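# Examination of the molecular architecture
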Amino acid sequence: MGCFIRVCCALLLVVLLVACASGEDPYRFYTWNITYGDIYPLGVKQQGILINWQFPGPQIEAVTNDNLIINVYNSLDEPFLISWNGVLQRRNSWQDGVYGTNCPIPPGQNFTYVLQVKDQIGSYFYYPSLAFHKAAGGYGGFKIASRPGIPVPFPTPAGDFTVLAGDWYKRNHTDLRAILDGGSDLPFPDGLIINGRGSNAYTFTVDQGKTYRFRISNVGLTTSINFRIQGHKMTIVEVEGTHTLQNIYDSLDVHLGQTYSVLVTADQPPQDYLIVVTTRFTSQVLNATSILRYSNSARSVSGLFPWGPSIEIDWSLNQARSIRRNLTASGPRPNPQGSYHYGMINTTRTIILQNSAPTINGKQRYAVNSVSFIPADTPLKLADYYKIQGVFSLGSIPDYPSGGGGYLQTSVMEADFRGYVEVVFQNPEDTLQSWHIDGHSFFVVGMDGGQWSAASRLRYNLRDTISRCTVQVYPKSWTALYVPLDNVGMWNVRSENWARQYLGQQFYLRVYSPANSWRDEYPIPSNAPRCGKAVGHYNRAL
């Protein structure tokens with residue numbers, strides 16, 4: 001074994017030397033140990049999921065095109081996977097870290113993710129994707145900086161803070177999972193947390209007169225939040241990899257799974273100020289606070305509590321529409337973001353996706369176009385690659401709502417590589433929905449109340465909307481996207497409400513190229529585990 005390790009290390013050294021000599025993009029290495037540990041987010045002892053004994057987990061800091069080698073050891077007592085919310089995994093859905101693409105890491109074993117943040121900048125997060133583990137932690141921040149020489153449309157901030165906020169339950173994730181498995185929905189959350197802690201347990205220290213970047217992610221399970229800082233304005237500069245027009249806000253709605261970057265200038269008298277998150281669109285309003293502390297602070301927090309919006313949908317809708325793309329700013333490449341004229345490209349297909357909450361076999365489920373997703377015994381990507389029969393069927397979810405009752409299915413929608421698709425999320429329910437598409441960044445061309453129709457296209461923003469990977473759909477409303485299908489692979493389309501996702505509000509989009517070329521998609525990694533019906537299939541590996 002020692003000889004084997006020495007040989008592997010020597011081979012790795014050769015690979016790195018060749019990479020450096022050939023000018024290949026840099027490599028960053030991480031080793032993570034996933035364990036249980038005691039945590040106290042709301043003052044009550046709980047079993048949390050820690051990464052290297054940290055909650056939240058270690059921050060990933062990368063630069064556009066970096067290669068990330070992340071070796072994950074699973075020291076839990078059940079299988080585990082990590083996924084990378086918003087990281088596009090270009091040509092490489094093998095590394096996406098969801099059950100539709102990867103075999104889980106068994107207890108006591110490890111898996112090394114090899115991924116590249118190709119042509120990306122911006123603010124994201126990672127999270128555990130299996131077995132409702134997200135309710136126990138295991139998440140962390142993920143930021144991608146621009147390459148040197150690529151202009152950024154604002155001066156370098158004096159500091160850069162990650163804010164991972166969201167709702168939290170005092171019960172362990174196994175208890176919450178049992179509630180869902182038993183056919184019931186989750187109760188209302190017990191509280192909100194900021195960076196793994198309850199109110200006033202986390203402090204951000206700033207120098208008076210300087211400007212700081214805050215990257216705010218909603219990593220919760222069930223509720224939207226509103227973020228604000230007492231006595232301070234926020235200038236929005238980036239949304240999930242898109243530089244925005246630099247609008248100024250007093251507070252900002254952040255829906256499940258979303259991330260925003262804002263600049264905050266410490267331009268007030270030197271003292272402590274409250275950083276506040278509160279729930280949105282809930283009858284009971286939860287809140288959590290952290291402290292913004294000036295380094296020369298003369299006194300503790302004072303003044304009125306900075307209340308924000310609570311149930312106002314129009315307020316949130318208007319704010320969402322006001323967030324626009326900065327057309328002249330560079331993205332991950334030096335060309336302006338506005339050089340891609342998304343509104344002048346003809347769409348090749350329209351897909352309408354409607355959420356619902358059916359009862360199936362006496363249990364609460366959630367569905368898309370009446371189909372409630374159930375996992376197969378084999379990751380869909382492996383079944384597709386090895387052409388294993390009986391795992392899933394293409395076309396097992398329709399392009400339009402069927403209007404029928406809900407049913408269980410391992411749902412996979414087929415799509416053509418380089419298609420340009422109009423996707424409409426229709427929400428007939430009274431609750432806000434939040435949707436994510438893995439492997440793709442899409443243009444949010446429209447959102448409004450009521451039923452979408454062809455006439456709704458007359459109100460689309462075809463000039464300067466943002467592109468992102470997670471979008472909200474307001475109650476009894478619709479949201480429309482233009483989606484360039486520029487990434488071959490098997491990609492998860494899911495609700496970011498984790499109870500709804502767990503109980504079936506998701507499916508997989510198979511973006512297919514007949515070329516079978518490395519130019520379109522990387523081959524299966526040599527270290528990819530095989531499970532289910534894929535056991536024994538070891539041909540054609542890289």
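The structure this text deals with has already been given above.
All values reported here derive from a predicted model rather than from experimental measurement.

Attention shifts here to the sheet that holds strand E19 (residues 272–280). What the 5 strands build is an open sheet, ordered E11-E20-E19-E13-E17; its pairing is mixed. Strand pairing shows two members of the sheet lacking a second neighbour, strand E11 (203–206) and strand E17 (251–254), which therefore form its edges. Strand after strand, the sheet turns through a mean of 25 degrees between neighbouring axes, direction not considered. Bridge analysis of E11 against strand E20 (residues 287–294) gives 4 bridges, and the strand direction is parallel. Paired with threonine 203 across the two strands is isoleucine 291, which belongs to E20. The sheet contacts of helix H3 (residues 313–322) involve strand E13 (224–229), E17 and E19, and relative to E17 the element is tilted by about 90 degrees.

If you walk through the whole model with that rule in mind, you get 6 cavities of 30 Å³ or more. The leading source of residues in the lining of the largest cavity is strand E21 (residues 349–356), at 3 residues. Considered class by class, the residues forming the lining of the largest cavity number 12 nonpolar, 1 polar and 1 charged. Reported here for the second largest cavity is a volume of approximately 80 Å³.

In this section: the packing of aromatic side chains. Using the criterion set out here, one finds 30 aromatic pairs in the structure. Ring centres 5.1 Å apart and planes at 50 degrees place the aromatic pair phenylalanine 161 and phenylalanine 214 in the tilted group. Highlighted residues: phenylalanine 161 in strand E9 (residues 159–168) and phenylalanine 214 in strand E12 (residues 211–218), separated in sequence by 53 residues. Its relative accessible area of 17% is what places phenylalanine 161 among the buried residues. Through successive ring pairs, a cluster of aromatic residues spans Tyr30, Trp32, Trp84, Phe111, Tyr113, Tyr126 and Phe142. Here the basic side chain of lysine 134 rests over the ring of tryptophan 498, its NZ or CZ set 4.5 Å away from the ring centre. One residue, lysine 381, lies across the ring of tryptophan 94, its end atom 4.9 Å from the ring centre.

Turning to helix H2 (residues 173–181), a few remarks are in order. Helical geometry: 3.6 residues make up each α-helical turn, so side chains three or four residues apart lie on a common side. Within H2, the full set of buried residues consists of His173, Leu176, Arg177, Ile179 and Leu180. The buried residues of H2 occupy one face: seen down the axis, they fall within an arc of 155 degrees. Looking at the buried side of H2, the elements it contacts are strand E1 (27–39), strand E2 (46–51) and helix H5 (498–502). Note on H2: the residue one or two positions beyond its end, glycine 183, has a positive phi of about 100 degrees.

The next thing to look at is the layout of surface pockets. The gaps left among the atoms become clear once a water-sized probe is rolled over them. Empty space within the second largest pocket amounts to approximately 890 Å³. Surrounding the second largest pocket, 32 residues form its lining, Leu88, Arg90, Asp119, Pro332 and Asp486 being those nearest its centre. For the lining of the second largest pocket, the per-class residue count stands at 10 nonpolar, 13 polar and 9 charged.

How each quantity is defined
- Residues numbered from 1 in each chain as written.
- Predicted model: local features only at pLDDT ≥ 70, side-chain atom pairs only at ≥ 80, totals over all residues.
- Heavy atoms only, no water.
- Pairing = 2+ DSSP bridges.
- Helix = DSSP H or I, 4+ residues; strand = E, 2+ residues; numbered from the N terminus.
- Axes fitted to C-alpha atoms, helices over the stretch in contact; angles between N-to-C directions.
- Contact = heavy atoms within 4.5 Å.
- 1 Å grid on protein atoms, 1.4 Å probe; cavity = no way out; pocket = protein on both sides within 12 Å on 5 of 7 lines; lining within 4 Å.
- Points joined across faces, edges and corners; volume = space filled by probe spheres on them.
- Nonpolar A, V, L, I, M, F, W, Y, C, P; charged D, E, K, R; others polar.
- Phe/Tyr/Trp six-rings, centres within 6.5 Å; stacked < 30°, edge-to-face > 60°.
- Buried < 20%, exposed > 50% of the residue type's maximum accessible area, 1.4 Å probe, protein only.
- Lys NZ or Arg CZ within 6 Å of the ring centre and 35° of its normal.
- Arc of directions from axis to C-beta.

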